[in-house]
Amino acid sequence: NNHVTSAEAVEQASFILSSVPPNKGHTSEYTDPVLEAFSSTIQKSSALRWAGYLSTTGVYGDHGGDWVDEGADTLAPVGSKPYLRKLAEDEWISVIRSRSKAYADEGVMVVDD
């Protein structure tokens, strides 16, 4: 039987790219479905070498035509979809940085759409 569970696939993955949007959670302001299901597996994986999260430029909100880069303040309205994406970005970064020291410096790549 060659059946592999989702958790086994995540545990064995050397690269993870998530584009799953966050949801409003039942007990919290938001939930990232991938991290809700697999954050502990991701944290414990010895195979993982890189993780990326596809976000949105909407996290920066309206800057009135001014230039925006990764260092810009995020102005997305609280509770908006871009705001929830920013919370997901932060959680992905936190999960990757909480891994063992051997992998902590690899971080997470956040790619804007």
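Overview of the structure. Remember, it's a predicted structure, so these values are computed and weren't measured experimentally. (Residues numbered from 1 in each chain as written. Predicted model: local features only at pLDDT ≥ 70, side-chain atom pairs only at ≥ 80, totals over all residues. Heavy atoms only, no water.)

Topic: the overall build of the protein
Selection criterion: Runs of H or I in DSSP of at least four residues are treated as helices and runs of E of at least two as strands, each being numbered from the N terminus. Should any heavy atoms of two residues lie within 4.5 Å, those residues are considered in contact. Methods summary: accessible areas were calculated by the Shrake-Rupley approach with a probe of 1.4 Å, and residue burial reflects only the protein chains presented.
In terms of regular secondary structure, the protein is built from 4 helices and 3 strands. What you see in the protein, going N to C, is helices and strands ordered as α-β-α-β-α-α-β. Long-range pairs, those at least 24 residues apart, make up 69% of the contacts in the protein with a sequence separation of at least 6. Approximately 7200 Å² of the protein is accessible, and the part contributed by carbon and sulfur atoms is 51%.

Things to note about the pairing of strand E1 (residues 15-18)
A regular strand places its side chains on the two faces of the sheet in alternate fashion. Under the convention used in this document: Three labels apply to residues, based on accessible area from a 1.4 Å probe with only protein chains included: buried if under 20% of the type maximum, exposed if over 50%, partly exposed otherwise in between. If DSSP finds at least two bridges between two strands, the strands pair.
Every second residue of E1 is oriented toward a common face, the buried set being Ile 16 and Ser 18 and the non-buried set Phe 15 and Leu 17. As judged from the 4 bridges shared by E1 and strand E2 (residues 50-54), these two strands associate in the parallel manner. Each residue of the ladder has a partner; that of Leu 17, found in E2, is Gly 52.

Notes on the packing of aromatic side chains
To keep things clear, this is the line we draw: Pairing of aromatic side chains requires ring centres within 6.5 Å, counting the rings of Phe and Tyr and the six-membered ring of Trp. Pairs whose planes differ by under 30 degrees are stacked, by over 60 edge-to-face, and all others tilted.
What the rule picks out here adds up to 1 aromatic pair. Note on Tyr 53 and Trp 92: the rings are 6.2 Å apart at their centroids and 25° apart in plane angle, and the pair reads as stacked. With Tyr 53 in strand E2 and Trp 92 in helix H3 (residues 81-97), this pair connects stretches of sequence that are 39 residues apart. A relative accessible area of 0% means that Trp 92 is categorised as buried.

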